[in-house]
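# A structural walkthrough
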Amino acid sequence: MITIALPKGALLKDTIELFKQVGLDFSLFLDKSNRQLQITDPTNTAKALLVRAQDVPVYVEYGQAQLGVVGYDVLREKQPNVANVTDLKFGYCRLSVAVPKSSSYRRSQELPPHGRVASKFVNCAKEHFRSIDLPVEIVPLSGSVELGPITGMSEAIVDLVSTGRTLKENGLLEIEVLYESTARLIAHPLSYRLKRDNIDDLVAKLHGLVRE
Amino acid sequence: MTYQPPAGARDLLPLEVAQKAWINDRLQQIFRQHGYSRIVTSTLEWLDTLTAGGAIKPSTVIQLKDNLEGTLGLRPEMTASIARAAVTRMAGNIYPQRLCYRANVFRNPPKNYDGGQLEFYQAGVELLFAGGIIADAEILLLLANCLQDLGIPDWQILLGDAGLTRSLLSVFPPNIRKQVRYCLANLDRITLENWDLEPDLKARALMLFELRGTPETVLKKVTTLDLDPTAEATVINLQSLIDLLNRSSKNPLPITLDLSLLQTFDYYTGIVFEAVSFHDNQCYLLGQGGRYDRLLGLYHPQQESSPGVGFSLNIEDLHSALITTTRLPQQTPASDWLVVADTAEAQVAAFCHAETLRNSNPEIRVELDLGARDPEAIREYARTCRIKNIAWIKLDGTYCVENISY
């Protein structure tokens, strides 16, 4: 039976809606009273695992899930060895550099050399500042990154922006977009190549839905 | 302070050694039956040797301190070493050469893999100075034979052709070919789809991306493309190979033909393949191999090129795939005899008797009691160690036998 890793958080609702359209109902995961992390759909054709978004590519890379749904941001940050099969188009956001509105910085290049940048996306942030040849100290955080500049710990942040409201309410200004992100369907490479459990049929159906 | 092996390295205790030896002994036996002779090459090589031709990146090799002559590396695979040995040390030998090995290889784990394995054990073969589909078929049938004989559950072979894929990629202008190849090798369909390519090229790239399935359907699809003469010849070859395999094997081989099976960098020029098994929700990469018709030339003193084909099997994965079956030995072999001197003076007689027992049958395992235990403790030891018989030796060399029940 095929196993699919689903991401907790922002992408979950759309992901479950998508699978519902191909006949796989995992809406039990949306039920607040549900504590089960692994469920089988009512037609008994597929299993789903509920995992943190960052862990979706891990389960898929190791083959415990043959398919998974995860944001491009996570893939770009972790560079997992998985097949990138379909751009699902939902869950739009972008990874951006933001600074306090009150600061004078309006481009990444203007940040002070050896300044501090707080981020959950350590690798992407490093890659960005390396590409513009600006030496900075990346301060790894795991949430509420906006507090970095507010408390004075860092000059800037690199973080996901979807509507921009959080930035605005915390007095921050988006000055540069590193890349845009959407939800992606990923697959375990060998299962995909060998078409285990009719993975190709399911992928084709999902692909067809997105293109409509 | 405690002394431990470095992260990624490990000790193998007797039971695991017995199980892996069971696997490897069977493999070597099959290799011998097919006329392969074992070769042993150096664990250490010059880094330049290991990375010649650019297929292996220096960062994946565990390097040893510089000395005056250059950098040394621990071999990350065996083919380069065997190719080097074959064209330099075995030149003028009778061709083809059938060589096999059982050896450990070392790989520098990628940066983000904490505690990733460094040392791996492999068994494999190289069929050198032989091109053509008969040699390819010999290698694939030998691989199938190994997996069948070991009793690996649910195995499959993923087969590609680096030469054919290269021909199919030649329609792409050189500036984008590399990126298309990268997307195929790394199964990145999204980049291909979102790429601003000419519609024809994009359709071609996406079509290549999907070229996998049963050999018959894939080859049928390929023949509908307009192929250059090289590609046409390769397709005919591949068709003959599949046909030869099907007719030469008792059971049809579980082959999936996948024309996007390639590495971003490698030395393969013809068929490439991986052997995979799925078992208990785990996926095992049992082995990999392919044809390399330009590798030998890199090591030849006059750069004379010769063909070669081979594979290596990953002992750890074979072991993991077999561990839940009942095929592997479940215990280390026990001693057949425990020889005990009744008194200190009878020790010489005990040594003599043990030797007589060993000479009676080369398979028999005989161990000596080292004294300082009373008979009940000795019996308890024999029971714990599953020893079947105790021989109690008297000073005059006579003895009585006690069978241990446990």
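Scope of this entry: the structure provided in the associated data block. All of these numbers come straight from a predicted model, not from anything done at the bench. (Residues numbered from 1 in each chain as written. Chains lettered and ligands numbered in written order. Predicted model: local features only at pLDDT ≥ 70, side-chain atom pairs only at ≥ 80, totals over all residues. Heavy atoms only, no water.)

This next bit is on the overall build of chain B. Helix and strand content of chain B: 14 helices and 16 strands. Here the C-alpha radius of gyration of chain B, 27 Å, is well above what a compact globule of 406 residues would show, namely 22 Å. Burial analysis of chain B (406 residues in total) assigns 50% to the buried set. Within chain B, contacts between residues separated by at least 24 positions form 68% of all contacts whose residues are at least 6 apart in sequence. A gap of 2 Å separates the mean positions of the 37 positive and 47 negative side-chain charges of chain B. (Helix = DSSP H or I, 4+ residues; strand = E, 2+ residues; numbered from the N terminus. Rg over C-alpha atoms; globule rule 2.2 N^0.38 Å. Buried < 20%, exposed > 50% of the residue type's maximum accessible area, 1.4 Å probe, protein only. Contact = heavy atoms within 4.5 Å. Lys, Arg positive; Asp, Glu negative; His and termini not counted. Charge placed at Lys NZ, Arg CZ, Asp CG, Glu CD.)

This part is about the overall build of chain A. For chain A, the helix and strand inventory stands at eight helices and 11 strands. Its C-alpha atoms put chain A at 60 × 35 × 30 Å along the principal axes. Split into buried and exposed, the 212 residues of chain A put 51% on the buried side. Long-range pairs, those at least 24 residues apart, make up 65% of the contacts in chain A with a sequence separation of at least 6. Working note: accessible area of chain A is about 10200 Å², and carbon and sulfur atoms make up 47% of it. For chain A, the distance from the average position of its 26 positive side-chain charges to the average position of its 25 negative side-chain charges is 1 Å. (Areas by Shrake-Rupley, 256 points an atom, 1.4 Å probe, with all protein chains shown as cover.)

Let's shift gears to helix H9 (residues 215-223) of chain B. Residue and element names in this part refer to chain B. Within H9, the full set of buried residues consists of Pro215, Val218, Leu219 and Val222. Down the axis of H9, the sector holding all buried residues measures 95°, keeping them to one side. Looking at the packing, one finds that the buried side of H9 touches strand E8 (212-213), helix H10 (229-248) and strand E9 (255-258). (Arc of directions from axis to C-beta.)

Sheets are built from strands that pair by backbone hydrogen bonding, the pairs being arranged parallel or antiparallel. All names here are of chain A. If you walk across this open sheet you meet the five strands as E8-E7-E9-E6-E10, and the pairing is mixed. Whereas interior strands pair on both sides, the edge strands pair on one side only; in this sheet they are strand E8 (137-140) and strand E10 (172-181). Looking at each pair of strands side by side, their axes are set apart by 25° on average, direction ignored. Summarising the sheet, strand E7 (residues 116-119) and strand E9 (residues 156-161) pair through three bridges and their orientation is parallel. Paired with serine 119 across the two strands is valine 158, which belongs to E9. In the packing of helix H4 (residues 122-131) onto the sheet, contacts are made with strand E6 (93-100), E7, E8, E9 and E10, and the angle to E8 comes to roughly 170°. (Pairing = 2+ DSSP bridges. Axes fitted to C-alpha atoms, helices over the stretch in contact; angles between N-to-C directions.)

Moving on, we come to the interface of chain A and chain B. Contacts between the two partners involve 24 residues from chain A and, on the opposite side, 28 residues from chain B. When chain A packs against chain B, the two sides together hide about 2100 Å² of surface, and 48% of this comes from carbon and sulfur. Among the residues chain A hides against chain B, the three largest losses belong to Arg193(A), Leu194(A) and Arg196(A). Together they make up 34% of the total. Counting the contacts that link chain A with chain B gives two salt bridges. Ionic pairing is found between Asp154(B) and Arg196(A), a salt bridge with its closest N-O pair at 3.0 Å. (Buried area = accessible area lost by both parts, 1.4 Å probe. Salt bridge = Lys/Arg side-chain N within 4 Å of Asp/Glu carboxyl O.)

Residues and elements named next belong to chain B. With mixed pairing, the four strands of this open sheet are ordered in space as E14-E13-E15-E16. Of all the strands in the sheet, the pair left with one neighbour each is strand E14 (366-368) and strand E16 (399-403). Pairwise comparison of adjacent strand axes, ignoring direction, gives a mean angle of 25° for this sheet. Packing of helix H14 (residues 375-384) onto the sheet brings it into contact with strand E13 (337-341), E14, strand E15 (389-393) and E16, and relative to E15 it is tilted by some 150°.

For the rest of this paragraph, the subject is the packing of helix H6 (residues 174-185) of chain B against helix H8 (residues 199-209) of chain B. Residue and element names in this part refer to chain B. Remark: H6 packs on H8, axes separated minimally by 10 Å, with the N-to-C direction vectors making an angle of 30°. As judged from the angle between their axes, H6 and H8 are roughly parallel. For H6 against H8, the interelement crossing comes out right-handed. Listed contacts from H8 to Ile176, Val180, Cys183 and Leu184 of H6 are Leu201, Ala205, Leu208 and Phe209. Grouping the amino acids of the contact of H6 with H8 by side-chain chemistry returns eight nonpolar, no polar and no charged. (Parallel < 35°, antiparallel > 145°, perpendicular 65-115°, else oblique. Left-handed = near helix turned anticlockwise from the far one by under 90°. Nonpolar A, V, L, I, M, F, W, Y, C, P; charged D, E, K, R; others polar.)

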